[in-house]
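Below are the chains, spelled out letter by letter.
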Number of protein chains: 2
Amino acid sequence: MNKLVIAGSLAFDAIETPFGKTDKIIGGASPYISLAASQLGVKPQLVSVVGNDFPEEFLNILSSKGVDLEGVKIDKNNKTMFWAGIYNEDMNQRTTLKTELNCFETFSPEVPESYQDADVLMLGNITPSIQKTIIEQFKQRPKMIIMDTMNFWMDTTPNELEETIRMVDVLTINDEEARQLSGEFVLLKAAKKILAKGLKYLIIKKGDNGALLFSADGKMFSAPALILDTVVDPTGAGDSFAGGFAGYIAAKGKTDFETVKSAIIAGSVMGSFCCEKFGTENLQVITEEQIKARVKQFEDLTSFKF
Amino acid sequence: MNKLVIAGSLAFDAIETPFGKTDKIIGGASPYISLAASQLGVKPQLVSVVGNDFPEEFLNILSSKGVDLEGVKIDKNNKTMFWAGIYNEDMNQRTTLKTELNCFETFSPEVPESYQDADVLMLGNITPSIQKTIIEQFKQRPKMIIMDTMNFWMDTTPNELEETIRMVDVLTINDEEARQLSGEFVLLKAAKKILAKGLKYLIIKKGDNGALLFSADGKMFSAPALILDTVVDPTGAGDSFAGGFAGYIAAKGKTDFETVKSAIIAGSVMGSFCCEKFGTENLQVITEEQIKARVKQFEDLTSFKF
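Residues numbered from 1 in each chain as written. Chains lettered and ligands numbered in written order. Predicted model: local features only at pLDDT ≥ 70, side-chain atom pairs only at ≥ 80, totals over all residues. Heavy atoms only, no water.

## Observations regarding the relation of the copies chain B and chain A
- Between chain B and chain A, which share one sequence, the superposing operator has a rotation angle of 180° and an axial displacement of 0.0 Å; the RMSD is 0.0 Å. Taken together, these values place the two copies in the relation of a two-fold axis.
- Looking at the interface residues of chain B, 100% of them are also at the interface in chain A, so both copies use one shared face. (Least-squares fit on C-alpha atoms with pLDDT ≥ 70 in both. Contact = heavy atoms within 4.5 Å.)

This is the structure in structure tokens:
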């Protein structure tokens, strides 16, 4: 078992899908990442910030699952970040109704001393310069640094993004972002160009078409997406994937290709659970048996004997 | 080993991709289907038509691979069907420059007596009413009837299409077509509605995202697409998939779910070979060793140990 530090946003989310509507629930990337990782048996340590209006019961959701909150600042002068979004009928498009950064606008992360011996560092999708600051605060570099990012940073802060990518081992982006970042349409060519930035592994997420894994030494793996009957709320599926991935790596304490392949499945499992209920609801309650059964579903979905 | 009858278009194709340009080469669906099937050890029997201008050397390409051409009419009064198309730089879009149906406009297929004991019937993508006529000419229904179709028939002859679908066991369409045919966006819901038309299996092709298999009794399988470095010409990839699929089923002589899963891989293998060269070029020359090696690539791409 290895130690896992997670950095990412903590926010209020208000979500509307064809299946219903939530008030301000616990959201941002880090609750999804942390809960998914904790379901794999690790006790992640979180770096984040909330405002003066964040309810203690929301923090308790995380701490009750073993998430260490020492690195979560409470900004007494600002409100918590807030995001509101609505999905279309087919759930394939999302419109952001509101994004208030609030306390994240001036967030200066501090990695506590007790986090210093982290083996795995999972950087959720935030400003690349903040991700970089967090990496630089580690006196000893974690063995594996995983970074999630998105097209927004490719458009707005490409230089900082490039610098940060060059400091990490694993990057997770979606297929369109891989094409944008590399300038290559064919995913294999895109992957080679992006890996050349110094990565060990690149994960290309393809939504309901699964995910691809590419290694610097030319290996490849294709994970399917589970064929779900009903997607209630896709919010946080990518973050749950990241949490399942990082949690599995930390739980196994290994970073070889075979382990990373299975970590992709762990991520896919967590992403699939996430979609079945609103927000982090499902990630809070799933059991080890449910996880095992779902891994079996992934095996059944892909295995064949020629 | 079971007997396989294939029906489908025979044509001249003129193809332009960023990698080059062909004159009128052997094309239409049936050469891809037949050659892919013959690579799996079966000697398919073909039902089709060509005009008075079709070179014997093109027919020899098929007969030299063991394809029985007794059911291929030569229409002395018409020219051969002709299709010309050009791909964009990213190969993700194709523009049809010309479609001349010629001898296919008045084609009335005749299933020869020697084809009557077919076990597997593969109907390539042609007019549903022609597909229906072919089925009806069998005195004894083949054990497995596989039908390929496309959105064009959903738009133009939906009733004939519906009638023909209700006569077959396996339907192959792409994801957008599955949504159109069912009126359901979520693929699992679309699959259930389409299977309810009386199919045993539905195959949903997702291009470079692989293919999904759904069975009437609720089983599912997800096949990845091979991650290819270079796609030289995607023309006929879907037909090669159909040929590999039907050829594998005929070669094994079984139609259970495990066999059909592997048949999907056989189809994916043939589709991947097809894309690497222009037209049917690669399907004419690949060896058993190359096929085995590629099946292994598919295994490596999807296998994991949790």
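## Notes on the sheet that holds strand β5 (residues 45-50) of chain A
Residues and elements named next belong to chain A.
- Spatially, β6-β5-β1-β9-β10-β11-β12-β13-β14 is the arrangement adopted by the nine strands of the open sheet, whose pairing is mixed. Taken across any chain shown, the strands that pair with only one partner, and hence form the sheet edges, are β6 (68-74) and β14 (220-223). On average, each strand axis in the sheet is inclined to that of its neighbour by 15°, with strand direction left out of account.
- Where helix α7 (residues 187-195) meets the sheet, it contacts β11 (170-174), β12 (201-205), β13 (211-215) and β14, and its direction lies at approximately 50° from that of β13. (Pairing = 2+ DSSP bridges. Helix = DSSP H or I, 4+ residues; strand = E, 2+ residues; numbered from the N terminus. Axes fitted to C-alpha atoms, helices over the stretch in contact; angles between N-to-C directions.)

## Focus on the side chain of B:Asp75
Residues and elements named next belong to chain B.
- Take Asp75: it is sitting in the loop between β6 (68-74) and β7 (81-87).
- Notably, Asp75 is buried but unbridged: the nearest opposite-charge side chain belongs to Lys73, and the N-O separation is 8.2 Å.
- The residues contacting Asp75, other than those within four sequence positions of it, are Val49, Val50, Gly51, Asn52, Cys103 and Thr106. (Buried < 20%, exposed > 50% of the residue type's maximum accessible area, 1.4 Å probe, protein only. Lys, Arg positive; Asp, Glu negative; His and termini not counted. Salt bridge = Lys/Arg side-chain N within 4 Å of Asp/Glu carboxyl O.)

## Comments concerning the packing of helix α6 (residues 175-182) of chain B against helix α7 (residues 187-195) of chain B
Residues and elements named next belong to chain B.
- It is the contact of α6 with α7, at a shortest axis distance of 9 Å, that shows an interaxial angle of 60°. Overall, the two elements α6 and α7 adopt an arrangement that is oblique. The handedness of the crossing between α6 and α7 comes out as left-handed. Here α6 contributes Asp175, Ala178, Arg179, Leu181 and Ser182 to the contact with α7, which in turn contributes Leu187, Ala190, Lys193 and Ile194.
- When the residues that make up the contact of α6 with α7 are grouped by side-chain class, the tally is five nonpolar, one polar and three charged. (Parallel < 35°, antiparallel > 145°, perpendicular 65-115°, else oblique. Left-handed = near helix turned anticlockwise from the far one by under 90°. Nonpolar A, V, L, I, M, F, W, Y, C, P; charged D, E, K, R; others polar.)

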